[in-house]
Amino acid sequence: MLNLNHPILQKLQKCHNLNTLKQVHAQMLTTGLSFQTYYLSHLLNTSSKFASTYAFTIFNHIPNPTLFLYNTLISSLTHHSDQIHLAFSLYNHILTHKTLQPNSFTFPSLFKACASHPWLQHGPPLHAHVLKFLQPPYDPFVQNSLLNFYAKYGKLCVSRYLFDQISEPDLATWNTMLAAYAQSASHVSYSTSFEDADMSLEALHLFCDMQLSQIKPNEVTLVALISACSNLGALSQGAWAHGYVLRNNLKLNRFVGTALVDMYSKCGCLNLACQLFDELSDRDTFCYNAMIGGFAVHGHGNQALELYRNMKLEDLVPDGATIVVTMFACSHGGLVEEGLEIFESMKGVHGMEPKLEHYGCLIDLLGRAGRLKEAEERLQDMPMKPNAILWRSLLGAAKLHGNLEMGEAALKHLIELEPETSGNYVLLSNMYASIGRWNDVKRVRMLMKDHGVDKLPGFSLVEINGAMHEFLTGDKAHPFSKEIYSKIGEINRRLLEYGHKPRTSEVLFDVEEEDKEDFLSYHSERLAIAFALIASSSSMPIRIIKNLRVCGDCHAITKLISAAYQRDIIVRDRNRFHHFKDGSCSCLDYW
DNA sequence: ATAGGGTTAG
């Protein structure tokens, strides 16, 4: 009989390095205690990495390991990303063993390991083993780990298929499915595409389904729900979820707290995000990253920097993501020297090796500030191969500062790397259009045709009285379409009185001057703003979420509308937020 | 007697 209170076992659990571990183990053997190495391995399971490595070594000397022992050790090894290969090698031992077969305890931790790079490819064959070795009805743990794996493997429909076959999903299974939708939507950085919106909406629907079941949501559930709201920019639903946490006495832990800070920030309510952040009791680097990121995308460079410096006071160390968001803040706030200093401090102060994304921030920082030559040099001297994001950054900077030559060169690289991304062509085309080189604009259009690329349709979401309304460029599908277009007419007349002259240079193609104006009038955010002016209370700011970046003309017009109609307008575009108020924008026209 | 699944930031 194993006595878990035995002094040696207690010592064993307190080992914090390999040497003390070896000593205690030796003690175990010499005292002649009847411990089996089995017990040692078991106790090592929850310990740190050196312990599982040690257990693995001991394991090799055990003559006839049981399946139980295999399972224990496999699970222990999968907790450390650099030991996953050992877990798989043990699994293979089981397969080649004469009398052993994997059971339902063997699979969950292996699927968990498969849910991350670079082990994704090992998932499907493992699924085949489940079918071979296990009999239905399948164990909920196995089902859930499979579900989670397929979501991470990018086969969300398989996850959903498996989910729908489960008659009574338990809490973790609901959470897995919800998180799968919420996460697959937020995959592409800050943009909201049609698909992302659909995924997030599906998460909201699924949450409703869950409430009809017998299972009560917990903190993990709410984290998924809240991040779906962040993706959608759905403030009402997000605030409702916040209320749900409070009403149901769920813990406002770091996960929930960070998700809420991110949600309020992505819904345009930076002040609410700040308030929440200040109230969080146990903040970690994740919380800080969310808050700094919030300041960054709302254009509050100095506050982002202040927070970055304050982290140290809480003994928190910046990680790679902290650097990304803080440099983004510097880049958009024109804080070039500060940004450069942070980049240099990565290696010198924090011992971090800058990765591709950090070079991306650096190029953006320099390029945006007009230091194009330096940006280009840093890009050429990078220790790794620049990706499309970096070239796009340089192209954007070249456009901003009117350096055609550099823009053309960057685009060449871009089209090589991403021949099917329409935004690249649009950037270059707009650059030509801005200086009236219509032949080149046409040439780019032909190039797009050759590559079979269509311009990505623009769309905007706006929330009116808790309901999300969606508008496409030139959309006529809204039930109040007629009223919206006549409102746009009114807006245009009113803005003319304000002395507005439409800038037509941002139109993609060479069309007649009058058509250009029309074209611009119907960009999706114009429709959304017009509708919001008709349908929402005049004391509330108008909040818009766009899938593309704001064009120069819409930006100029929205500034005027904010003054002419005395309405605050908050637009989240692909990259950041614009707060329009009294005729100016928080981005200071620097976006 | 001892083994397994779901959560946050860019």
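Calculation notes
Residues numbered from 1 in each chain as written. Chains lettered and ligands numbered in written order. Predicted model: local features only at pLDDT ≥ 70, side-chain atom pairs only at ≥ 80, totals over all residues. Heavy atoms only, no water. UniProt positions renumbered as here; feature names shortened; annotations may be inferred. Near = heavy atom within 4 Å. Polar contact = N/O pair within 3.5 Å; in protein donor to acceptor, adjacent residues only side chain to side chain. Nonpolar A, V, L, I, M, F, W, Y, C, P; charged D, E, K, R; others polar. Pairing = 2+ DSSP bridges. Helix = DSSP H or I, 4+ residues; strand = E, 2+ residues; numbered from the N terminus. Phe/Tyr/Trp six-rings, centres within 6.5 Å; stacked < 30°, edge-to-face > 60°. Buried < 20%, exposed > 50% of the residue type's maximum accessible area, 1.4 Å probe, protein only. Lys NZ or Arg CZ within 6 Å of the ring centre and 35° of its normal. Expected span 1.5 Å × (residues − 1). Contact = heavy atoms within 4.5 Å.

Under an unreviewed UniProt entry, the name given to chain A is DYW domain-containing protein, and the organism recorded is Glycine max. Under the UniProt heading Sequence similarities (unreviewed entry), the note attached to chain A is "Belongs to the PPR family. PCMP-H subfamily."

Q: Just checking my understanding: could you explain the protein's contact with DNA strand B for this structure?
A: Surveying the vicinity of DNA strand B reveals 43 residues, the closest of which are Asn 71, Asp 139, Asn 175, Gln 183 and Asn 289. Between DNA strand B and the protein, one listed contact pairs a base oxygen with a side-chain N or O atom of Thr 258 at 3.0 Å. With respect to DNA strand B, the side chain of Asp 319 contributes an N or O atom lying 3.2 Å from a base nitrogen. Taken together, the residues that form the surface near DNA strand B break down as 17 nonpolar, 17 polar and nine charged.

Q: Could you clarify how one ought to interpret the sheet that holds strand S4 (residues 569-572) in this entry?
A: Backbone-to-backbone hydrogen bonds join strands into a sheet, with any given pair of strands oriented parallel or antiparallel. The six strands lie next to each other as S2-S1-S3-S4-S5-S6, forming an open sheet whose pairing is mixed. Looking at which strands have only one partner, the edges of the open sheet turn out to be strand S2 (467-472) and strand S6 (584-585). Sheet analysis places S4 next to strand S5 (residues 577-581), joined by four bridges and oriented antiparallel. Paired with Ile 569 across the strands is Phe 580, a residue of S5.

Q: Just checking my understanding: could you explain the packing of aromatic side chains for this structure?
A: Aromatic ring pairs are described here by two measures, namely the spacing of the ring centres and the angle between the planes. Scanning the model with the defined rule gives 16 aromatic pairs in all. Ring geometry for Tyr 150 against Tyr 153: centres 6.3 Å apart, planes inclined by 75 degrees, an arrangement best described as edge-to-face. Tyr 153 gets classed as partly exposed once you look at its relative accessible area, which sits at 25%. Plain terms: the ring middles of Trp 240 and Tyr 244 are 5.5 Å apart, the flat faces sit at 45 degrees to each other, and that makes the pair tilted. You can see Trp 240 and its partner Tyr 244 sitting in helix H14 (residues 235-247), four residues apart, about one turn around the helix. Taking relative accessible area as the criterion, Tyr 244 reaches 6% and is therefore assigned buried. Through pairs of rings, three or more aromatic residues link up here, namely Tyr 91, Phe 107, Phe 111, Phe 149, Tyr 150 and Tyr 153. When the ring centre of Tyr 485 is taken as origin, the NZ or CZ atom of Lys 476, which lies over that ring, is 5.1 Å away. One residue, Arg 494, lies across the ring of Tyr 565, its end atom 4.1 Å from the ring centre.

Q: Looking at this structure, I do not really get the environment of Ser 227. What am I missing?
A: In this structure, Ser 227 sits in helix H13 (residues 219-232). For the pair Ser 227 and Ala 179, spaced 48 residues apart in the sequence, the C-alpha separation amounts to 8.6 Å. Separated by 3.2 Å, the side chain of Ser 227 and the backbone oxygen of Ala 224 make a polar contact.

Q: I tried to follow H14 on my own but got confused; where do I start?
A: The α-helix winds at 3.6 residues per turn, so residues separated by three or four positions along the chain end up facing the same way. Look at H14: 18 Å from first C-alpha to last across 13 residues, which is about the 18 Å you get at 1.5 Å a residue. For H14, the set of buried residues is Leu 235, Gly 238, Ala 241, His 242, Gly 243, Tyr 244 and Val 245. Immediately downstream of H14, the backbone of Asn 249 shows phi near 55 degrees, a positive value.

Q: Would you take a moment to explain the side chain of Glu 376 for this structure?
A: Locating Glu 376 in the fold gives a position in helix H22 (residues 372-381). One polar contact links Glu 376 to Lys 373, side chain to side chain, over a distance of 3.1 Å.

Q: Can you walk me through the environment of Ala 397 in this structure?
A: Here Ala 397 lies in helix H23 (residues 388-400). As for Ala 397 and Leu 365, which are separated by 32 residues in sequence, their C-alpha atoms are 9.3 Å apart. Those residues in contact with Ala 397 that sit more than four places away from it in its chain are Gly 367, Arg 368 and Leu 372.

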